[in-house]
Amino acid sequence: MKMSAAEISQVLKEGELEKRSDNLLQFWKRKTCVLTTDSLNIYADTQKRNRGKELKLQSIKKVDCVERTGKFVYFTIVTTDNKEIDFRCSGEENCWNAVITMALIDYQNRKAIQDFKTRQDNESASPGQQERRMARAP
């Protein structure tokens, strides 16, 4: 499954999100985030989007710990190396946790289909293996 550059970089959601800092006091810092079909880009400043962190969807294991309070929705992104990144967004119009979860599911589905097609292509390219497999079958 070949994806065009437009599909890879399609913006799903853009806006502000608060990230909890990693330091001792764990302050909430407002970040500008851009979610694409391939990654979550986190920028410290809305004007300077050249320096930011990119969190690829392939490195995200799950979106976890969703909790709603009166004003905010809190959630945690767990990476494949079991690091946790805490976020919060206003609960009224921003459902970042749901959009990130759906983008992650979409990414995993596209990858599974691509892997399946690659496996099928590899099996059809080597007919000798197919015959050996059929010979062993009862």
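As annotated in an unreviewed UniProt entry, the protein chain carries the name Pleckstrin homology-like domain family A member 2 and comes from Zoarces viviparus. Taken from UniProt, the Sequence similarities (unreviewed entry) comment for the protein chain reads in full: "Belongs to the PHLDA2 family."

*Asks:* Help me understand the overall build of the protein chain, please; the structure alone is not making it clear to me.
*Replies:* Scanning the protein chain from terminus to terminus reveals three helices and seven strands. In the protein chain, the succession of helices and strands from N to C terminus is α-β-β-β-β-β-β-β-α-α. For the protein chain, the residues scored as buried account for 30% of the 138 residues in total. Across the protein chain, every contact between residues at least 6 apart in sequence was considered, and the portion connecting residues at least 24 apart equals 37%. Of the roughly 9,700 Å² of accessible surface on the protein chain, a fraction of 49% belongs to carbon and sulfur atoms.

*Asks:* Explanation requested: a nonpolar patch on the surface in the structure shown.
*Replies:* Together, Leu 24, Leu 25 and Phe 27 line one region of the surface with nonpolar side chains, adding up to about 400 Å² of accessible area. Within the element layout of this structure, Leu 24 appears in the loop between β1 (11-20) and β2 (28-36).

*Asks:* Just to check I follow, could you spell out the nonpolar core for this structure?
*Replies:* Soluble globular proteins tend to pack their nonpolar side chains together in the buried interior. Among the nonpolar cores identified, the biggest contains 19 residues, and Leu 17, Leu 40, Phe 75, Ile 77, Trp 96 and Ile 100 are the most heavily contacted of them. When residues of this core are traced back to their parent elements, those giving at least two are β2, β3 (39-43), β5 (60-68), β6 (72-79), β7 (84-90) and α2 (96-125). Residue contributions to this core peak at five residues, all from α2. If near-sequence neighbours (up to four positions away) are discounted, Ile 100 is found in contact with Leu 35, Leu 40, Val 63, Phe 75 and Ile 77.

*Asks:* Looking at this model, I keep getting lost on the packing of aromatic side chains. Mind explaining?
*Replies:* What characterises a pair of aromatic rings is the spacing of the ring centres plus the angle enclosed by the ring planes. Counted by the stated rule, this structure contains three aromatic pairs. Where Phe 72 meets Tyr 74, the ring centres are 6.1 Å apart and the plane angle is 65°; that geometry is what we call edge-to-face. Residue Tyr 74 is classed as partly exposed on the basis of its relative accessible area of 22%. Taken together, the ring pairs connect Trp 28, Phe 72 and Tyr 74 into an aromatic cluster. The ring of Trp 96 has Lys 13 sitting right over it, with the charged end atom 5.3 Å from the ring centre. The ring of Phe 72 has Arg 88 lying over it, and the distance from NZ or CZ to the ring centre is 4.0 Å.

*Asks:* What is the right way to look at the sheet that holds β2 in this model?
*Replies:* Across a sheet, paired strands are connected by hydrogen bonds in the backbone, their directions being either parallel or antiparallel. The strand order β4-β3-β2-β1-β7-β6-β5 describes an open sheet built from seven strands, whose pairing is antiparallel. Since the sheet does not close on itself, it has two edges, and those belong to β4 (52-56) and β5, each with one partner. Looking at each pair of strands side by side, their axes are set apart by 30° on average, direction ignored. Inspection of the sheet shows β5 paired to β6 by six bridges, in the antiparallel sense. When the bridges of β6 are listed, Glu 67 appears paired with Tyr 74. Strands in contact with α2 are β1, β2, β3, β5, β6 and β7; relative to β5, the strand with the most contacts, it is inclined by about 155°.

Reading the values: rules and limits
Residue numbers restart at each chain and count upward from 1, following the sequence in its written direction. Under the rules for a predicted model, residues below a pLDDT of 70 receive no local features and side-chain atom pairs below 80 are neither given nor counted, while totals for whole chains, interfaces and linings still include all residues. With hydrogens and water excluded, all non-hydrogen atoms of the structure serve as input to the side-chain values. UniProt positions are given in the numbering used here, feature names are shortened, and annotations may be inferred rather than shown by experiment. A run of H or I in DSSP counts as a helix once it spans at least four residues, and a run of E counts as a strand once it spans at least two, with each numbered from the N terminus. Residue burial is assigned from relative accessible area. The probe radius is 1.4 Å, only protein chains are included, and a residue is buried under 20% of its type maximum, exposed over 50%, and partly exposed in between. Two residues form a contact once any of their heavy atoms are found within 4.5 Å. Per-residue and other accessible areas were derived by the Shrake-Rupley procedure at a 1.4 Å probe size, with only the shown protein chains allowed to occlude residues. The patch calculation keeps residues exceeding 30% relative accessible area without a salt bridge and links them within 9 Å when they carry like charges or within 5 Å when they are nonpolar (Val, Leu, Ile, Met, Phe, Trp, Tyr). A carboxyl oxygen of Asp or Glu within 4 Å of a side-chain nitrogen of Lys or Arg is what we treat as a salt bridge. Definition used in this section: a nonpolar core is a set of buried Ala, Val, Leu, Ile, Met, Phe, Trp, Tyr and Cys residues joined via side-chain atoms within 4.5 Å. Only centres within 6.5 Å qualify two rings of Phe, Tyr or Trp (six-membered ring in Trp) as a pair; their planes then separate them into stacked at under 30 degrees, edge-to-face at over 60, and tilted for everything else. By definition here, charges over rings are those cases where NZ of Lys or CZ of Arg is within 6 Å of the ring centre and within 35 degrees of the ring normal. Should DSSP find at least two bridges between two strands, the strands are taken to pair. To get an axis, fit a line to the C-alpha atoms, keeping to the stretch in contact for a helix; angles then go from 0 to 180 degrees between the N-to-C directions.

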